[in-house]
Amino acid sequence: MPRTLVQKILSEKSGIDARAGHIIVVPVDIAFVQDGTGPLTITQFEACSFDRLANPLTSIIFLDHAAPSASRELSNDHNRLREFAKRNGAQLFEIGDGISHQIIAESYANPGEIIIGADSHTGMAGALGAFATGMGSTDVAIALCLGKSWLRVPESFEVIINGHLSKGVCAKDIALYLIGHLGADGATYKALEFCGDGIAHMRMSERLTIASMAVEAGAKAGLFPSDEITHSYLEHYGRGQKYRPLEPEPGASYERVVRIDATRLEPMVAKPHSVDNTALVRELEDMKVQQVFIGTCSNGRLEDLAVATEILRGRQRHPDTRFIVAPASRQVLSEAIHAGYIRSLVDAGAVIAPPGCAACLGVHHGVLGDGEVCLSTANRNFKGRMGNPEAFIYLASPATAAATAVAGCIADPREMM
Amino acid sequence: MLKGKAFKFGDNISTDLISPGRYFHLRSDLPELAKHAMEDADPSFTSKIKPGDFIVAGKDFGLGSSREHAPLVIKMSGVSAVLAKSVARIFFRNAFNIGLPVLICDTDKINDGDELEIDLEAGTIKNLSTGAELTIGKIPEVMLKILNEGGLVPYIKKYGDFRL
């Protein structure tokens, strides 16, 4: 029987004919933690009396969640992670280097690999045709030492995206539409496999946005085929030789098929307090917003800053709306400076936060006040997510975010482009 | 055999409600972090829960972050098992890895405060308050083995590898 993309990768890696429902052990190509999950990983690693890493060059520690540190306790956690990396030969990315998932995409992930990260958005690397999934601290501790993990082979949903997005509509709108359609638990334990003529010309930055959101429908992974777009992305980051084409076998069977006509999509938002609570931007215009945040693994890339700049050039943020921008990595920041985007954003009234998770998870760099509304390009809007359970988070594309920063209320970007 | 009282919650209890991100700095001080277990779902949770009690929830319990601190603070607060209609995948895996059983069942048949008796071996839940009997959804063998050893660390210490 023809295999899905996931079954193809997992069969190759496990050495058996991996079918949905099988429990298999697979070698792990890349294992990583961040500063929120890493300290517990070290505790578990030491509790197992482990003293070596299976693959030091692809065992990675990212200091991105509290970067720079927001407290004495977190500084001590960071030092513990730095010492662990030094002692065991793990790779360490410092504060300001960027978000784990962005650096994994820029510098590590390759088609057909298995990537396990102690962070729920690890699935983002599925944009490069890798099987990437989030796990907890203990699973990653074991993977770091043994170089393997166990998995249940998931059933896959085929998500067929056809057509072009119209101007002002972004990949984020596809992701929000999909999650609204499936529900926050609609794909729990499943893998999403994206295909269709709409992805053939989709930039890698857009694929990364969509893959980063798969977990918000409960999915274990979200994968794109590896094609010429993957090839040129890998070449751009100096590892074109790692490219291999990869797609599902023709006739593979899917548990469910979802069709999205991109040409018909409009700017969308996810309303508080769940990602599947979606609506059209035009249904929410006039909702006042105290803070706009552009950044995160979902939408902190150069292309996201470019679309925001296009809207904000020659305009100013609304006087009652704070505007925070956090590039996803040092490389994104550097390129954005070079392209003049940072200058335009600063001139428009933006605060530039250091590359990292920034305001996304409520530790620092933009914690909300009681009753405040934030429109964010992050992937999650749960109650309390941005540090205050009395605040309200709306999720949207970087274009909608930029238009909202200008208008001071949720605004349709198509009217400013 | 597990015995205790049901603490009922609704659908979609996220990891942010279970262990809020604003206590991020306490993650290396687990006893302190555990004082805030379930705080944004029920601020009085830790003062009411007694050792052995159960969290009983609706669908998609534990959605969101991969923070293993979420099942850890639940376990440290004395909860002996989480019962839900469905559970998010990373939370499910993390809970077994730290020795906290998560059982899938029809939680509509359980009211807040009901006394429950759970037989993990037999896969049954007896609601002593209503007389209802519930069955537990099938748990993969590997996860049961991990749970039986008290979590993934003791499992790996014993076997040195995954035994499927």
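Just so it is clear, the structure is predicted and the values come from calculations on it, not from any experiment.

(A) Quick look at the overall build of chain B. For chain B, the count of helices and strands is seven helices and seven strands. When its helices and strands are written in sequence order, chain B yields β-α-α-α-β-α-β-α-β-β-β-β-α-α. The C-alpha atoms of chain B give 15 Å as radius of gyration, which agrees with the globular expectation for 164 residues (15 Å, within 12%). For chain B, the spread of C-alpha atoms along the principal axes amounts to about 45 × 40 × 25 Å. Per-residue burial over chain B gives 51% buried out of 164 residues.

(B) Molecular detail of the overall build of chain A. Each helix and strand counted, chain A has 14 helices and 18 strands in total. Relative to the 2.2 N^0.38 estimate, which gives 22 Å for 417 residues, the radius of gyration of chain A is 20 Å and therefore close to what a compact globule would have. Within the span of chain A, comprising 417 residues, buried residues form 64% of the whole. The long-range fraction of contacts in chain A, counting pairs at least 24 apart against all pairs at least 6 apart in sequence, stands at 77%.

(C) Summary view of helix 2 (residues 38–47) of chain A. Within helix 2 of chain A, seven of the 10 residues are buried, which leaves the element mostly enclosed by the surrounding structure. All of the buried residues along helix 2 of chain A are G38, P39, L40, T41, I42, Q44 and F45 of chain A. Buried residues belonging to helix 2 of chain A abut strand 2 (30–34), strand 3 (59–62), helix 3 (72–88) and helix 5 (137–146) of chain A together with helix 4 (69–76) and helix 7 (152–159) of chain B. The positive-phi residue at the C-terminal boundary of helix 2 of chain A is S49 of chain A, with phi of around 60 degrees.

(D) Examining the pairing of strand 5 (residues 114–117) of chain A more closely. All names here are of chain A. Both faces of strand 5 are covered, namely the face carrying I114 and I116 and the face carrying I115 and G117. In the sheet, strand 2 pairs with strand 5 via three bridges, with the strands oriented parallel. Residue pairing in the sheet places A31 in a bridge with I116 of strand 5. In this structure, strand 5 lies alongside strand 6 (residues 131–134), joined through four bridges in parallel fashion. Each residue of the ladder has a partner; that of I116, found in strand 6, is T133.

(E) Layout of the pairing of strand 18 (residues 392–395) of chain A. Residues and elements named next belong to chain A. Of the two faces of strand 18, the one lined by F392 and Y394 and the one lined by I393 and L395 are each fully buried. Two strands pair when backbone bridges link them, and strand 17 (residues 373–376) and strand 18 are joined in this way by four bridges, in the parallel orientation. Bridged to L375 within strand 18 is Y394.

(F) Structural context of the interface of chain A and chain B. Between chain A and chain B, the residue contacts involve 44 residues of the former and 39 residues of the latter. It is helix 5 of chain A that provides the largest number of residues to the side of chain A that touches chain B, a total of five residues. A breakdown of the residues in the side of chain A that touches chain B according to their chemical character gives 19 nonpolar, 15 polar and 10 charged.

(G) Region of interest: the sheet that holds strand 2 (residues 54–56) of chain B. All names here are of chain B. Across the sheet, which stays open at both edges, the seven strands sit in the order 4-3-2-1-5-6-7 with mixed pairing between neighbours. Only two strands of the sheet have a single partner each, and these edge strands are strand 4 (102–104) and strand 7 (133–135). Neighbour to neighbour, the strand axes of the sheet diverge by 30 degrees on average, direction disregarded.

(H) Seen up close, the domain arrangement of chain A. Residues and elements named next belong to chain A. Parsing chain A into structural domains produces domain 1 (22–151), domain 2 (154–265) and domain 3 (269–411). Taking only C-alpha atoms into account, the centre of domain 1 sits 27 Å from that of domain 3. Counting residues at the interface gives 17 residues for domain 1 and 14 residues for domain 3. When grouped by side-chain class, the residues that make up the side of domain 1 that touches domain 3 number eight nonpolar, six polar and three charged.

(I) Region of interest: helix 12 (residues 330–338) of chain A. All names here are of chain A. Residues of helix 12 that are buried include every one of V332, L333 and A336, and no others. Down the axis of helix 12, the smallest arc covering the buried residues is 100 degrees, so these residues share one side. Tucked into the core, helix 12 has its buried residues touching helix 11 (302–312) and helix 13 (341–347). Two residues or fewer after helix 12 comes G340, characterised by a positive phi angle close to 85 degrees.

(J) Main features of unusual backbone geometry. Across the junction of A67 of chain A and P68 of chain A, the peptide omega takes the value -5 degrees, indicating a cis bond. Within the secondary structure, P68 of chain A sits in the loop between strand 3 and helix 3. In this structure, the amide linkage connecting P272 of chain A to the following residue, H273 of chain A, adopts the cis form with an omega of -5 degrees. For H273 of chain A, the position within the fold is in the loop between strand 12 (268–270) and strand 13 (278–280). Located in the positive-phi region is M38 of chain B, a residue other than glycine, with phi close to 65 degrees. Checked against the element boundaries, M38 of chain B lands in the loop between helix 2 (30–34) and helix 3 (45–48).

(K) Seen up close, the nonpolar core. Judged by nonpolar contacts, the single largest core of 202 residues is most densely connected at A109 and A125 of chain A together with V82 of chain B. The greatest single-element share of this core, amounting to eight residues, is contributed by helix 6 (residues 171–182) of chain A. Those residues in contact with V82 of chain B that sit more than four places away from it in its chain are I55, A57, F61, I74, A95, L100 and V102 of chain B.

(L) Structural detail: the environment of S205 of chain A. All names here are of chain A. With respect to the element layout, S205 can be found in helix 8 (residues 204–212). Taking the number of C-beta atoms within 10 Å as the measure of exposure, S205 has 21 and is therefore buried. Between the alpha carbons of S205 and G300 there is a distance of 9.4 Å; along the sequence they are 95 residues apart.

(M) Quick peek at the sheet that holds strand 4 (residues 91–93) of chain A. Residue and element names in this part refer to chain A. Overall, parallel pairing links the five strands, which are arranged 4-3-2-5-6 in an open sheet. Each edge of the open sheet carries a strand with a single partner, namely strand 4 and strand 6. Averaged over all pairs of adjacent strands, the angle between their axes in this sheet comes to 20 degrees, without regard to strand direction.

(N) Just the confidence of the model for chain B, in detail. For chain B, the average pLDDT comes to 96, and 100% of its residues sit at 70 or higher. We note a pTM of 0.98 for the whole complex and an ipTM of 0.97 for its interfaces.

(O) Spatial organisation of the packing of helix 2 of chain A against helix 3 of chain A. All names here are of chain A. Put simply, helix 2 and helix 3 touch, their axes get as near as 9 Å, and they point 50 degrees apart. On the basis of their axis angle, the class for helix 2 and helix 3 is oblique. Helix 3 is crossed by helix 2, and the crossing has left-handed handedness. For the pair helix 2 and helix 3, contact is made by G38, P39 and I42 and by D77, R80, L81 and F84, respectively. Residues belonging to the contact of helix 2 with helix 3 are distributed by class as follows: four nonpolar, one polar and two charged.

About the criteria used
Residues numbered from 1 in each chain as written. Chains lettered and ligands numbered in written order. Predicted model: local features only at pLDDT ≥ 70, side-chain atom pairs only at ≥ 80, totals over all residues. Helix = DSSP H or I, 4+ residues; strand = E, 2+ residues; numbered from the N terminus. Rg over C-alpha atoms; globule rule 2.2 N^0.38 Å. Buried ≥ 20, exposed ≤ 12 C-beta atoms within 10 Å, placed from the backbone. Contact = placed C-beta atoms within 7 Å. Pairing = 2+ DSSP bridges. Nonpolar A, V, L, I, M, F, W, Y, C, P; charged D, E, K, R; others polar. Axes fitted to C-alpha atoms, helices over the stretch in contact; angles between N-to-C directions. Domains from an automatic or database assignment. Arc of directions from axis to C-beta. Core = buried A, V, L, I, M, F, W, Y, C linked by C-beta atoms within 7 Å. pLDDT = per-residue confidence, 0-100. Parallel < 35°, antiparallel > 145°, perpendicular 65-115°, else oblique. Left-handed = near helix turned anticlockwise from the far one by under 90°.

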